[in-house]
Amino acid sequence: DLSEMGSIQDLVTDVKRRKLKVCVLVNAAAVWCPAYGSVTRSGLEVALAVNYLGHYQLVNLLMPVLESSRPSRIITVSCEEYSKVAAIDFPFLEAEHDKLDTQGVLRLTVESAAALASVSTHGASNPCVRVTVQEEAFETAVKKRTTQPTWNETFQVHDIAVEKSIHFSVISREANGVEKFIGQASLPLLCLASGGYTSPNISLQFNLPLVPEKAAGSVDKSKAAILSAQLLNGDSDLLKRLDIHDISQFRASRLQHAEALAKEYLATGGTAVEMEGSIIIFAVTKRLNMFKTSKRKIVVDIGVEELRNTTVNDRIRKKFPFAKLMSIATDPATPTLATVVFSHRRGQGDSLQRDYSLNFSTTKQRDLFRTLMVPYLVSTTTFERGLVAFCVIKKLNRFETGVRKLVLDIRQRKLLSIELEDYDQFSKDRFAQINKKEFNFNQIRNILEDSEDPEKVEINFEGGQRAYTVVFLLEELKVNFLQTIDPFLQQHGKGILRVRLMYTRPPAASTNNYVHEIEVAGKVKTEGGVMVPWAHTADLLVPEAPEFMKRDWDTSQAMVTRSEIGLQRPPRQPLWASRHSKLCLITFATALAQKLEARGSGVCSHIIDPGLMDTDMWGSACKGLGAWRKMLQKWRVDTYGKDPDKVADTIIKMVFDPEFETHNGLYVRHGGTGANQMTICNLDTASGTKIENPSHPNAVARSPANQARLWHFSTMMTSVTFDDQVYSAFLNLR
């Protein structure tokens, strides 16, 4: 029943419960010239509710199903009569909205929280929740030393408007009174009464992700786009700030790069370094044990990517591929000292290599060695072909750990975990068959830090996927990882807050549906022309619907006019109401097509005007007409009316014809007496391009201002819109 919001909600709930696909939605149902002054159970004017608002609500609620069933189509049945209304009557829509009782009593229960951040010095938190709604503020009790608090405290707010939002701030209150921020969330109430104002009570439970920023529960697309562009364009300032080494061009020019560094070092008076082609030799002192050191040569062979430890007589003691070098650590207390840390790869059967402690002759020599080696180190964060790779330690089981590459695929918006020995192959061929774990950025719910282990992070996913815990080699690397991935994530984190809402509508008052409001202090004009209060205003009788239909107010005895006693306009004439509702429908369908095309949702929306139909419903448009005008209307229908079956065939063609898949928002007029005879009003069929100023839909329906304002009023009246980020966030939280 399109006149009842609850009935529409029940239909959509049933479709989703049965997991049905909806590939085609034809908005054909309508009423024409309903009885004068007739309204729905919600108090809305019938033509507006059935011809427009019902379709609006159904389309918006079914949109997730339509998009999941794509390619799918929406066909909206038009009527040329819509163009006989000059403009959308927004004051009328506002008056209709005022009829709906959108204020009620809200009972809010703050139940519990989970996985809160530990912000107190003792390793936990003392959390409490501060709730702000409209002009009122509430606060729960403080729970001592916990990150999993339970409150179950209920607050009540009267006369709440469902278009408002509730703001939650979770804080930790220390013993000395200091407050430390944990996280916050906002819960939009726009759709609290979604599904109809006929249901007296609605109880909902929400899991609210707590976020550090005000824009809760969404991806900052601008930040993600900017960071992505900067990385892909090799922004040197950004890469330097995040300590990321761009090796996209490095591999091809690595010999020239090393040669240039060595020549620059020698040209500036550097010593204890020799260069032989692609080989650079460093004279160093190697510590053998706590008491003994030895003069050595450290040979960096760029050509074969190998590090060799040789004696001063060039006898090779050990050699290591660059891929086995984990990191090079320096000590500010000993400026010439560098420690080479080696990685141990699982499954290779080699023993654990001890660190190399090397003492260089000068700090400048040490820095050259480190600069040469940084691009080859396992621990170096690298950027290549859209991949940002971080080195981490992953616990494999109770006794074993392994080194992994945690990779951010900027182009594909994915997070990958790859075994160290497989990363080189993957960086060259992304389709290589290797052992890896892969997650989309939008699967990541939050990334939590560990207060006890500053290098450790826990990555939590949506949908029950096990958390992924890794340890970075340095805290600075962890910070760089978080800064790099953060713009691409939904702003979740800092834990989850569980709340429950009970929304109760006030009982509907018994009012006359034909009169909205009468000013109590009516005025009357005296003989001297002075306006004074009329003493008998309270004695006015509100006539019943039939009386009100037949005649105006009887104010002859009081000598006052309708405007002087503040009586609002009577119900609209049935023909105007029908035409106006169709204008709203065409404006909505036109805006819908534009939104769907912009989203790339795979859903097409088109409009068909069947023209004059040969049915028995012609009499509905003749109410109140004289006998001869009724006869003329019947002759017109019999002579020019189209066969409904033929029009239905045209609609079927619009559903299946591929031509209606390449464009969105086509306005079709059924022509002739046969099937499939149509004219597309807003498409140049010769060139296949849209007509800029078509006859249909008309300028009123195409106006962006009208579309935006109508969509806003429709959202307010139905509490539904698929296009609103706030509404989308609301649905995701339920």
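None of these values were measured; they are calculated from a predicted model. (Residues numbered from 1 in each chain as written. Predicted model: local features only at pLDDT ≥ 70, side-chain atom pairs only at ≥ 80, totals over all residues. Heavy atoms only, no water.)

This next bit is on the overall build of the protein chain. Of regular secondary structure, the protein chain possesses 17 helices and 34 strands. By the burial criterion, 47% of the 734 residues in the protein chain qualify as buried. Residue pairs in contact within the protein chain that sit at least 24 positions apart in sequence constitute 64% of those at least 6 positions apart. Total accessible area on the protein chain stands at roughly 36,600 Å², and carbon and sulfur atoms take up 50% of it. (Helix = DSSP H or I, 4+ residues; strand = E, 2+ residues; numbered from the N terminus. Buried < 20%, exposed > 50% of the residue type's maximum accessible area, 1.4 Å probe, protein only. Contact = heavy atoms within 4.5 Å. Areas by Shrake-Rupley, 256 points an atom, 1.4 Å probe, with all protein chains shown as cover.)

This paragraph deals with the environment of Arg366. Structurally, the position occupied by Arg366 is in helix H7 (residues 363–373). Considering only alpha carbons, one finds Arg366 and Phe282, 84 residues apart in sequence, at a separation of 9.0 Å. Engagement of the side chain of Arg366 in a polar contact is seen with the backbone oxygen of Pro335, the distance being 2.6 Å. (Polar contact = N/O pair within 3.5 Å; in protein donor to acceptor, adjacent residues only side chain to side chain.)

A word on the packing of helix H1 (residues 5–17) against helix H2 (residues 46–68). Where H1 contacts H2, the two axes come as close as 10 Å, and the packing angle between them is 20 degrees. By the angle between their axes, H1 is roughly parallel relative to H2. The hand of the H1/H2 crossing is right-handed. Between H1 and H2, the residues in contact are Met5, Ile8, Gln9, Leu11, Val12, Val15 and Lys16 and Gly54, Gln57, Leu58, Leu61, Leu62 and Val65, respectively. Here the contact of H1 with H2 is built from residues that sort into nine nonpolar, three polar and one charged. (Axes fitted to C-alpha atoms, helices over the stretch in contact; angles between N-to-C directions. Parallel < 35°, antiparallel > 145°, perpendicular 65-115°, else oblique. Left-handed = near helix turned anticlockwise from the far one by under 90°. Nonpolar A, V, L, I, M, F, W, Y, C, P; charged D, E, K, R; others polar.)

Turning our eyes to something else, we now look at the sheet that holds strand E4 (residues 127–133). What the four strands build is an open sheet, ordered E5-E4-E7-E8; its pairing is antiparallel. Each of the sheet's edge strands pairs with one partner strand only, and the pair in question is strand E5 (136–139) and strand E8 (179–188). Averaged over neighbouring strand pairs, the angle between their axes works out to 20 degrees when direction is ignored. Pairing between E4 and strand E7 (residues 165–173): seven bridges, direction antiparallel. What sits directly across from Thr132, in E7, is His167. (Pairing = 2+ DSSP bridges.)

It is worth spelling out the sheet that holds strand E1 (residues 24–27) at this point. An order of E1-E2-E30-E31-E32 is seen for the five strands of this open sheet, with the pairing classed as mixed. Pairing within the sheet leaves two strands with one partner each, and these edge strands are E1 and strand E32 (678–680). Recorded for the sheet is a direction-independent mean angle of 25 degrees between the axes of neighbouring strands. Taken together, the three bridges between strand E31 (residues 667–670) and E32 define a ladder with antiparallel strand orientation. When the bridges of E32 are listed, Arg669 appears paired with Thr679.

Our focus in this paragraph is unusual backbone geometry. The amide bond that connects Arg70 to the next residue, Pro71, takes the cis arrangement and shows omega of 0 degrees. Unusually for a residue other than glycine, Lys19 sits at a positive phi of about 55 degrees. As for its position among the elements, Lys19 is in the loop between H1 and E1. Of note in this structure, Glu305 is not a glycine but carries a positive phi near 55 degrees. Relative to the elements of secondary structure, Glu305 occurs in the loop between strand E13 (293–301) and strand E14 (306–310). Residue class for Glu305 comes out partly exposed when judged on its relative accessible area of 28%.

Across all of its chains, the model carries 20 aromatic pairs by this definition. Aromatic pair Tyr52 and Tyr56: ring centres 6.0 Å apart, planes at 50 degrees, arrangement tilted. Taken together, the residues Tyr52 and Tyr56, both in helix H2 and four residues apart, mark about one turn of the helix. With a relative accessible area of 0%, Tyr56 lands in the buried category. These aromatic residues form a ring-pair network of at least three members: Tyr52, Tyr56, Phe588 and Trp711. In this structure, Lys394 packs its charged tip against the face of Tyr468, placed 4.9 Å from the ring centre. Residue placement shows Lys405 over the ring face of Tyr423; its charged tip is 5.6 Å from the ring centre. (Phe/Tyr/Trp six-rings, centres within 6.5 Å; stacked < 30°, edge-to-face > 60°. Lys NZ or Arg CZ within 6 Å of the ring centre and 35° of its normal.)

Topologically, Thr381 is positioned in the loop between H7 and strand E19 (382–384). The class for Thr381 is buried, based on a relative accessible area of 3%. The residues touching Thr381, leaving out its near neighbours within four places in the chain, are Asp243, Ile244, His245, Val388, Ala389, Phe390 and Leu477.

This brings us to the pairing of strand E30 (residues 603–609). For E30, a buried count of seven out of seven residues is recorded, marking the element as mostly surrounded by other parts of the structure. Side chains Val603, Ser605, Ile607 and Asp609 of E30 all project onto a buried face; the interleaved residues Cys604, His606 and Ile608 project onto the opposite face, where all are buried too. As paired elements, strand E2 (residues 72–77) and E30 share six bridges and run parallel to each other. Residue pairing across strands places Thr76 opposite Ile607, the latter belonging to E30. Both E30 and E31 contribute to a ladder of three bridges, which runs parallel. Across the sheet, the residue bridging to Ile608 is Val668, located in E31.

Model confidence for the protein chain is summarised by a mean pLDDT of 76, while 76% of its residues fall at 70 or above. Within the protein chain, E1 carries the highest mean pLDDT (93), whereas helix H10 (residues 545–550) carries the lowest (34). Low pLDDT, under 50, characterises residues 345–350; the stretch is placed with 10 contacts to residues that sit more than four places away or in other chains. Long-range and interchain partners of residues 724–731, a stretch whose pLDDT sits below 50, account for 16 contacts in this model, where long-range means more than four residues apart. (pLDDT = per-residue confidence, 0-100.)

A separate point is the side chain of Glu67. Examined against the element boundaries, Glu67 turns out to sit in helix H2. Once residues lying within four places of it in the same chain are set aside, the contact partners of Glu67 are Arg599, Ser601 and Val603.

Oppositely charged side chains are able to pair whenever their charged atoms sit close together. Scanning all chains against the criterion turns up 19 salt bridges. The salt bridge involving Asp367 is made with Arg366; its shortest N-O contact spans 2.9 Å. Residue class for Arg366 comes out buried when judged on its relative accessible area of 10%. Put simply, Arg669 and Asp609 hold a salt bridge, and the shortest N to O gap is 4.0 Å. In this pair, Arg669 is assigned in strand E31 and Asp609 in strand E30, connecting sequence segments 60 residues apart. Note on Arg669: relative accessible area 29%, which makes it partly exposed. Among the charged side chains, a network of salt bridges with common partners joins Arg130, Glu139, Arg173 and Glu179. (Salt bridge = Lys/Arg side-chain N within 4 Å of Asp/Glu carboxyl O.)

Residues Tyr52, Ile74, Leu93 and Phe588 are the most contacted members of the largest nonpolar core, which totals 49 residues. Looking at this core, the elements with two or more residues in it are H1, H2, helix H3 (90–99), helix H11 (574–599), E30, helix H15 (699–702) and helix H16 (704–718). It is H2 that contributes the most residues to this core, 14 residues altogether. Among all residues touching Tyr52, those that are not within four sequence positions of it are Ala47, Ser581, Cys584, Leu585, Phe588, Leu710 and Ser714. In this structure, Ile244, Ile447, Tyr468 and Leu482 belong to the second largest nonpolar core, which totals 30 residues. (Core = buried A, V, L, I, M, F, W, Y, C linked by side-chain atoms within 4.5 Å.)

So, about a nonpolar patch on the surface. A contiguous nonpolar surface patch, about 410 Å² in accessible area, is contributed by Trp628, Leu632 and Trp635. For Leu632, the location among the structural elements is in helix H12 (residues 627–640). (Patch = residues over 30% accessible without salt bridge, like charges linked within 9 Å, V, L, I, M, F, W, Y side chains within 5 Å.)

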